[in-house]
Amino acid sequence: MTASTRRTVLSLYMRVFRIARSWHAQSGVTSDAETERKYILQEARTLFRQNQQLTDQESIKRCIEECEARIEIGLHYRNPYPRPTYLPPMGLATQKGRKLKAQQRLRKQAKPVYLQSHDET
């Protein structure tokens, strides 16, 4: 990891913690705000630690883009949770064969940048 990449990652990490510290829930309820703050902190710690050992510059760049996208979406919608993804048309294939593999490939390609770190459900 280069020095500039390291600085970018650390600044994103600190930005997430600053956002969590000043987070107010859209509902205005204090308990909701606390729950959302805890979620933001837990999610940041989990994802940053999960990606701590990355050395490939391309994968680091993708993780940085995902982090920036999730920050902007969370601030815009005032919702820290990931936005849902929807299946493409004809997204429910049979459980066997080529159609299933083709649908899995389409779902993987259609996954937005802000959800790359989440497992398939």
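For the structure itself, look to the data block above.
Residues numbered from 1 in each chain as written. Predicted model: local features only at pLDDT ≥ 70, side-chain atom pairs only at ≥ 80, totals over all residues. Heavy atoms only, no water.

**Here we look at the packing of aromatic side chains**
Any pair of aromatic rings gets described here by the distance separating the centres and the angle formed by the planes.
Part 1: Counting across every chain of the model gives 3 aromatic pairs.
Part 2: Consider the rings of Tyr-39 and Tyr-81, whose centres lie 4.6 Å apart with planes at 50°: the pair is tilted. Linking Tyr-39 in helix H2 (residues 30-50) with Tyr-81 in the loop between helix H3 (57-77) and helix H4 (98-110), this pair joins segments that are 42 residues apart in sequence.
Part 3: Since its relative accessible area comes to 16%, Tyr-39 is described here as buried.
Part 4: The exposure class assigned to Tyr-81 is partly exposed, which follows from its relative accessible area of 31%.
Part 5: Each member of the aromatic cluster is reached from another via a ring pair, and the members are Tyr-13, Phe-17 and Phe-48.
Part 6: Here the basic side chain of Arg-78 rests over the ring of Trp-23, its NZ or CZ set 4.2 Å away from the ring centre. (Phe/Tyr/Trp six-rings, centres within 6.5 Å; stacked < 30°, edge-to-face > 60°. Helix = DSSP H or I, 4+ residues; strand = E, 2+ residues; numbered from the N terminus. Buried < 20%, exposed > 50% of the residue type's maximum accessible area, 1.4 Å probe, protein only. Lys NZ or Arg CZ within 6 Å of the ring centre and 35° of its normal.)

**Describing the pattern of salt bridges**
Should the charged atoms of two oppositely charged side chains come close, the side chains can pair.
Part 1: Taken as a whole and judged by the stated rule, the model has 3 salt bridges.
Part 2: The residue Glu-34 makes a salt bridge to Arg-37 at a minimum N-O spacing of 2.6 Å. Within this pair, Glu-34 and its partner Arg-37 are both found in helix H2, separated by 3 residues, close to a single helical turn.
Part 3: Look at Glu-34 and you get partly exposed, because its relative accessible area is 35%.
Part 4: A relative accessible area of 17% means that Arg-37 is categorised as buried.
Part 5: A salt bridge links Arg-70 to Glu-43; the shortest N-O distance between them is 3.3 Å. One end of the pair, Arg-70, is in helix H3; the other, Glu-43, is in helix H2, with 27 residues separating them in the sequence.
Part 6: Owing to a relative accessible area of 16%, Arg-70 belongs among the buried residues under this scheme.
Part 7: Taking the relative accessible area as the measure of exposure, Glu-43 reaches 16% and is therefore buried. (Salt bridge = Lys/Arg side-chain N within 4 Å of Asp/Glu carboxyl O.)

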